[in-house]
Amino acid sequence: MSNIHVLLVEDDQDWIQIISEELNRYQGIEIIGVATCSEEALTVIHKKNVDVVLMDIFLEDDCDGIQLTAQILEMKKEIKIIMLTSSDEDAIIFQAYMAGAIDYVVKSESHEIIDAIRAAYENRSPIRPTIAHKIRKEFCKLKKREQITCPLTKTEIAILKLIDQGYTQQEIANHLVISVQTVKNHISRILKKLSAKNSKHAVSKAKEMGFL
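Residues numbered from 1 in each chain as written. Predicted model: local features only at pLDDT ≥ 70, side-chain atom pairs only at ≥ 80, totals over all residues. Heavy atoms only, no water.

## Structural notes on helix H2 (residues 38–47)
Among the residues of H2, Ser38, Ala41, Val44 and Ile45 are the ones counted as buried. Projection of H2 onto a plane perpendicular to its axis shows the buried side chains occupying an angular sector of 130°, all on one side. In H2, the exposed positions that point more than 90 degrees away from the buried face belong to Glu39, His46 and Lys47. Summarising the contacts, the buried residues of H2 are in contact with strand E1 (4–9), strand E2 (29–35), strand E3 (52–55) and helix H3 (65–75). (Buried < 20%, exposed > 50% of the residue type's maximum accessible area, 1.4 Å probe, protein only. Helix = DSSP H or I, 4+ residues; strand = E, 2+ residues; numbered from the N terminus. Arc of directions from axis to C-beta. Contact = heavy atoms within 4.5 Å.)

As structure tokens, then:
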């Protein structure tokens, strides 16, 4: 059986060393490149035969890992991309899968990397129960947002964030440099759009829908 060719996209030197040492312990897996930015990653993808990419989401680059995932798959759809990151936020995981990632491993669970690589290479990557739960939650948020006839504006979202932080209407007006009456008008429209009873209820519903 030929080696699985792996590209590691990671800009943290400590993690590069940890992950490289872990992968080098196993036969059949070969690191054929390490990229610290999107440009380096795309160069390796173009020049070498990459089977699996271990992709860090938070690159210190113009292009984050999720955007880079989409770009790579536009170039070579057969490549399997595993998101490797320290974040397990629901929205980020959802975005990663939407971009085309085949699996998602949190760095603190690095013992799962080897199995994830082999499963991805063999086209048998299951969505683990914890990940599936997070994805379902994000789909529910999207469904709720789609039910809103008129989406919230940037100003309305900003006001909801300030309300959540405990700002009074006068403080919101001062912060946004608008009148108190304008704030009241915005809140009235927010309550109508979200079918909320009051400001606190509106904030709660906005969070459920992923606006905040």
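## Some remarks on the nonpolar core
Counting 27 residues, the largest nonpolar core has Leu7, Val9, Val53, Met83 and Tyr104 as the members making the most contacts within it. Considering every element that reaches this core, the biggest residue donor is helix H4 (residues 90–99), with 5 residues. By size, the runner-up hydrophobic cluster in this structure holds 18 residues, among which are Leu152, Ile187, Leu194 and Ala196. (Core = buried A, V, L, I, M, F, W, Y, C linked by side-chain atoms within 4.5 Å.)

## As for the pattern of salt bridges
Taken as a whole, this structure holds 7 salt bridges when the rule is applied. Across the pair Glu156 and Lys193 runs a salt bridge whose closest N-O atoms are separated by 2.9 Å. Placement of Glu156 in helix H7 (residues 154–164) and of Lys193 in helix H9 (residues 180–194) is noted, with a sequence separation of 37 residues between them. Looking at Glu156, the relative accessible area reads 2%, which means it is buried. Ionic pairing is found between Lys207 and Asp164, a salt bridge with its closest N-O pair at 3.2 Å. In this pair, Lys207 sits in helix H10 (residues 199–208) while Asp164 sits in helix H7, placing the two residues 43 residues apart along the sequence. Taking the relative accessible area as the measure of exposure, Asp164 reaches 40% and is therefore partly exposed. Ionic contacts of the salt-bridge type, sharing partners, join the residues Glu10, Asp56 and Lys107 into one network. (Salt bridge = Lys/Arg side-chain N within 4 Å of Asp/Glu carboxyl O.)

## Here we look at H7
What H7 keeps buried is the set Glu156, Ile157, Ile159, Leu160, Leu162 and Ile163. Those residues of H7 that are buried are in contact with helix H8 (169–176), H9 and H10.

## A look at the packing of H9 against H10
Where H9 meets H10, the axes come as close as 10 Å, and the angle between the chain directions of the two elements is 55°. As judged from the angle between their axes, H9 and H10 are oblique. For the element pair H9 and H10, the recorded crossing hand is left-handed. On H10, the residues touching Ile187, Ile190, Leu191 and Leu194 of H9 are Ser199, Ala202, Lys205 and Ala206. Grouping the constituent residues of the contact of H9 with H10 by class yields 6 nonpolar, 1 polar and 1 charged. (Axes fitted to C-alpha atoms, helices over the stretch in contact; angles between N-to-C directions. Parallel < 35°, antiparallel > 145°, perpendicular 65-115°, else oblique. Left-handed = near helix turned anticlockwise from the far one by under 90°. Nonpolar A, V, L, I, M, F, W, Y, C, P; charged D, E, K, R; others polar.)

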